Amino acid sequence: MRLLSTLFLFCCLASCRGGETGKIKSRAEVRDTVAKSKYRVLEFMVDEKPSIALIDTTFKNFPTKKEFPLSLFVTVNTADKDAKGYPTSKESVAFNALEDQILVALAPLATCYVGKTTMSGYRDLIFYIATKDQKQISEKLAAIQKTSPRVKSFVFEQDADWEAVSEFYQALDKTK
């Protein structure tokens, strides 16, 4: 009886494939430009107020920076802030949800998400993008901005050498 029960259990487990169809099909091409993101925290002062950056260090020596010559800064206003101008716990949830929405919207396009800074009253999300995707990215961000009053602005600038983030990487080198 015990052998029969074990055999029955084994057959049930073997037949369960979790909806496997044999072949996984993807609708989108998967591009792996960076092996693994490695974020580091950097604390600094802006206008005598404490600020924080969360920077992906894998982009420091990124070999194809020239393919992403436009910097993109998405500025998100802090609606609910504490005494230092940082987002409250409730506001952090909203910030993170909005950040996720932006990351998902831009994921199919050629972008490098370098990180974010949180300063008194706002947060900047920092990207580098391929020139060919600027129009699509602008349209996607404009659509998000219409539904979220927290998105103050998004600004593109030519920066093929990634100068706008070089000070973050220099400061991170000093804090090792």
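Here the structure is a predicted model, which is why all the values come from computation and not from measurement.

How do you make sense of the overall build of the protein chain when you look at a structure like this?
From N to C terminus, the protein chain includes four helices and six strands. Put simply, the protein chain has 176 residues, and 35% of those count as buried. Partitioning the intrachain contacts of the protein chain with sequence separation of at least 6 by distance along the chain shows that 67% fall at a separation of at least 24. Counting only carbon and sulfur atoms, one obtains 56% of the accessible surface of the protein chain, whose full area is about 11,800 Å².

I tried to follow the environment of A53 on my own but got confused; where do I start?
Position of A53 among the secondary structure elements: in strand β2 (residues 49-56). Residues A53 and Y39, spaced 14 residues apart in sequence, show a C-alpha to C-alpha distance of 9.5 Å. Residues within four places of A53 in sequence aside, it is in contact with R40, V41, L42, F44, K116, T117 and F168.

Please clarify how the packing of aromatic side chains should be interpreted in this entry.
Aromatic ring pairs are defined here through the distance separating the ring centres and the angle between the ring planes. Scanning the entire structure with this criterion turns up eight aromatic pairs. With a centroid separation of 5.9 Å and an interplanar angle of 40 degrees, the aromatic rings of F62 and F68 are classed as tilted. Judged by its relative accessible area of 6%, F62 is buried. Between F154 and F156, the aromatic rings sit 6.2 Å apart at their centres with planes inclined by 85 degrees, giving edge-to-face as the arrangement. By the burial criterion, F154 is buried, and F156 matches it.

Got a minute to help me understand the sheet that holds strand β1 (residues 39-46) in this structure?
Across a sheet, strands are paired by hydrogen bonds formed along the backbone, either parallel or antiparallel in direction. Read from one edge to the other, the open sheet built from six strands follows the order β1-β2-β4-β5-β3-β6, with strand pairing classed as antiparallel. In the strand order of this sheet, the two ends are held by β1 and β6 (151-158), each with one partner. Across the sheet, the mean angle separating the axes of adjacent strands is 20 degrees when strand polarity is ignored. Those strands touched by helix α2 (residues 89-106) are β3 (70-77), β4 (111-119), β5 (122-129) and β6, and its axis lies near 15 degrees from that of β5. Helix α3 (residues 134-147) rests against β3, β4, β5 and β6 of the sheet, and its axis sits at about 170 degrees to β6.

Looking at this model, I keep getting lost on the confidence of the model for the protein chain. Mind explaining?
As a general rule, the predicted coordinates of low-pLDDT regions are not to be interpreted in detail. Looking at the protein chain, pLDDT values average 82 and 80% of them are 70 or higher. Taken as a whole, residues 1-30 scores under 50 in pLDDT and shows zero contacts with residues more than four places along the chain or in a different chain.

Just checking my understanding: could you explain the pattern of salt bridges for this structure?
Oppositely charged side chains can form a pair if their charged atoms are brought close together. Taken as a whole, this structure holds seven salt bridges when the rule is applied. One salt bridge in this structure joins E99 and R123, with 3.8 Å as the shortest N-O distance. Note that E99 is positioned in helix α2 and R123 in strand β5, a separation of 24 residues in sequence. E99 sits in the buried class, given a relative accessible area of 7%. Judged by relative accessible area, R123 falls into the buried class, the value being 9%. Taking the shortest distance from any N to any O, the salt bridge between E139 and K135 comes out at 3.9 Å. Here the residue E139 and the residue K135 both occupy positions in helix α3, the gap between them amounting to four residues, near one helical turn.

Looking at this structure, I do not really get the pairing of β1. What am I missing?
Across a regular strand the side chains alternate sides, sitting on one face of the sheet and then on the other. Pairing of β1 with β2 involves eight bridges; the strand directions are antiparallel. By the bridge assignment for β2, M45 is matched with P50.

Calculation notes
Residues numbered from 1 in each chain as written. Predicted model: local features only at pLDDT ≥ 70, side-chain atom pairs only at ≥ 80, totals over all residues. Heavy atoms only, no water. Helix = DSSP H or I, 4+ residues; strand = E, 2+ residues; numbered from the N terminus. Buried < 20%, exposed > 50% of the residue type's maximum accessible area, 1.4 Å probe, protein only. Contact = heavy atoms within 4.5 Å. Areas by Shrake-Rupley, 256 points an atom, 1.4 Å probe, with all protein chains shown as cover. Phe/Tyr/Trp six-rings, centres within 6.5 Å; stacked < 30°, edge-to-face > 60°. Pairing = 2+ DSSP bridges. Axes fitted to C-alpha atoms, helices over the stretch in contact; angles between N-to-C directions. pLDDT = per-residue confidence, 0-100. Salt bridge = Lys/Arg side-chain N within 4 Å of Asp/Glu carboxyl O.

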